[in-house]
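A closer look at the structure
Here are the chains, one letter per residue:
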Amino acid sequence: MTEAEEKWLHRYLDGAISPEDSESLENLLRADAETRRTLRTLATIDSKWRQLAADEDVGAAPPQLYSRQYEDLG
Amino acid sequence: MFVKFQSGRQQWNDSDLFISSPPTNEPDKSPADPHEAFLRLWTHHEPELRAFVRSCCPRAQEVDEVLQDVSIAAWRKFSTLDDHGAFGPWACLIARYELLMTRRRFARDRLVLSEDIVKLLADEAADEWPLRNRQLEALESCIQRLPRERREWALAAYARDRSIREMAAQLGRSEGSLYQLLARIRKELQRCIERTLTQAPS
């Protein structure tokens, strides 16, 4: 899988994929079992984060907190 | 109780579903009370089902709604499931039908996968059900091993009541840079899962 194809999968999961890339991703998913397997793995990771965030109720975290964490990540 | 019942929904024929599940060697430890048996099985398999539904739902917000519909449909069909050891793949195929019905409701939406792809994803997800379980176990430890800053930032990014757009505005960063960071974290975890499963005895 190319870097661009991998990026389509991440943008798809973020709900931020363009219509053109969405069509390309569909063609790839239709043709390539490895891409489908990667999508299921990335979706597993994504759904786990969402579940953890819901369980920990981190929605109320003030922007200053994640701002500092973002800076720490460079 | 998380199972709600709705009226007027489209019903399936039993023949539409994968009712005769493949036999397993697991001893049947199901409680005699079907409600209890169903709840235990649903709770046990819900993370794998959620992961599969997420792969077919570009809008993460729809996952809970689809899962609730799957739980209703699965409960209605539960008495027809002979082998409770095959609950996961069986519920996955029920999820496939629910996703296809959801897809038809949003057929004009560009962010909806085609029916043939949903079917492929579902059939393969049902086949690799034990792998999904092992991936989720590996993922637990991989997330724990992430640096604290990375873990806490990801949790903030995934918070239900905040969008990436809002977060980017608050941070004075572009949405793209935040999406890139999320993708990096997911890729890191993907590699960690692969390493963990490669090292684990099968």
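To be clear, the structure that these remarks concern was listed above.
Parameters and conventions
Residues numbered from 1 in each chain as written. Chains lettered and ligands numbered in written order. Predicted model: local features only at pLDDT ≥ 70, side-chain atom pairs only at ≥ 80, totals over all residues. Helix = DSSP H or I, 4+ residues; strand = E, 2+ residues; numbered from the N terminus. Buried ≥ 20, exposed ≤ 12 C-beta atoms within 10 Å, placed from the backbone. Contact = placed C-beta atoms within 7 Å. Expected span 1.5 Å × (residues − 1). Arc of directions from axis to C-beta. Nonpolar A, V, L, I, M, F, W, Y, C, P; charged D, E, K, R; others polar. Axes fitted to C-alpha atoms, helices over the stretch in contact; angles between N-to-C directions. Parallel < 35°, antiparallel > 145°, perpendicular 65-115°, else oblique. Left-handed = near helix turned anticlockwise from the far one by under 90°.

1. Quick look at the overall build of chain B
On a plain count of helices and strands, chain B comes out with 8 helices and 0 strands. In sequence order, chain B lays out its α and β elements as α-α-α-α-α-α-α-α. Within the span of chain B, comprising 202 residues, buried residues form 31% of the whole. In chain B, once contacts between residues fewer than 6 apart in sequence are set aside, the share between residues at least 24 apart is 71%.

2. Re helix α4 (residues 115-127) of chain B
Residue and element names in this part refer to chain B. Helix length check: α4 (13 residues) gives 18 Å between terminal C-alpha atoms against 18 Å at 1.5 Å per residue, within 8%. Of the positions making up α4, those classed as buried are Ile117, Val118, Leu121, Ala122, Ala125 and Ala126. On an axial view of α4, the arc spanned by its buried residues comes to 160°, and they lie on one face. Structural note: α4 exposes Asp116 and Asp127 on the side pointing more than 90 degrees away from its buried face.

3. Points about the interface of chain A and chain B
How big an interface is tends to be expressed through the accessible area that disappears when the partners come together. The interface of chain A with chain B comprises 37 residues on the first partner and 45 residues on the second. Put simply, the parts of the chain that give the side of chain A that touches chain B at least two residues each are α1 (3-13), α2 (19-31), α3 (33-56) and α4 (63-73) of chain A. Residue composition of the side of chain A that touches chain B, grouped by class: 18 nonpolar, 9 polar and 10 charged.

4. Some thoughts on the environment of Arg76 of chain B
Tracing the sequence through the fold places Arg76 of chain B in helix α2 (residues 62-77). Distance from Arg76 of chain B to Arg151 of chain B, taken between C-alpha atoms, is 39 Å for residues 75 residues apart in sequence.

5. As for the packing of helix α1 (residues 34-56) of chain B against α2 of chain B
All names here are of chain B. Remark: α1 packs on α2, axes separated minimally by 11 Å, with the N-to-C direction vectors making an angle of 140°. Judged by the inter-axis angle, α1 sits oblique to α2. The chirality of how α1 crosses α2 is right-handed. Touching Phe38, Trp42, Leu49, Arg50, Val53 and Arg54 of α1 are Val63, Val66, Leu67, Val70, Ser71 and Trp75, all from α2. Of the residues belonging to the contact of α1 with α2, the class tally is 9 nonpolar, 1 polar and 2 charged.

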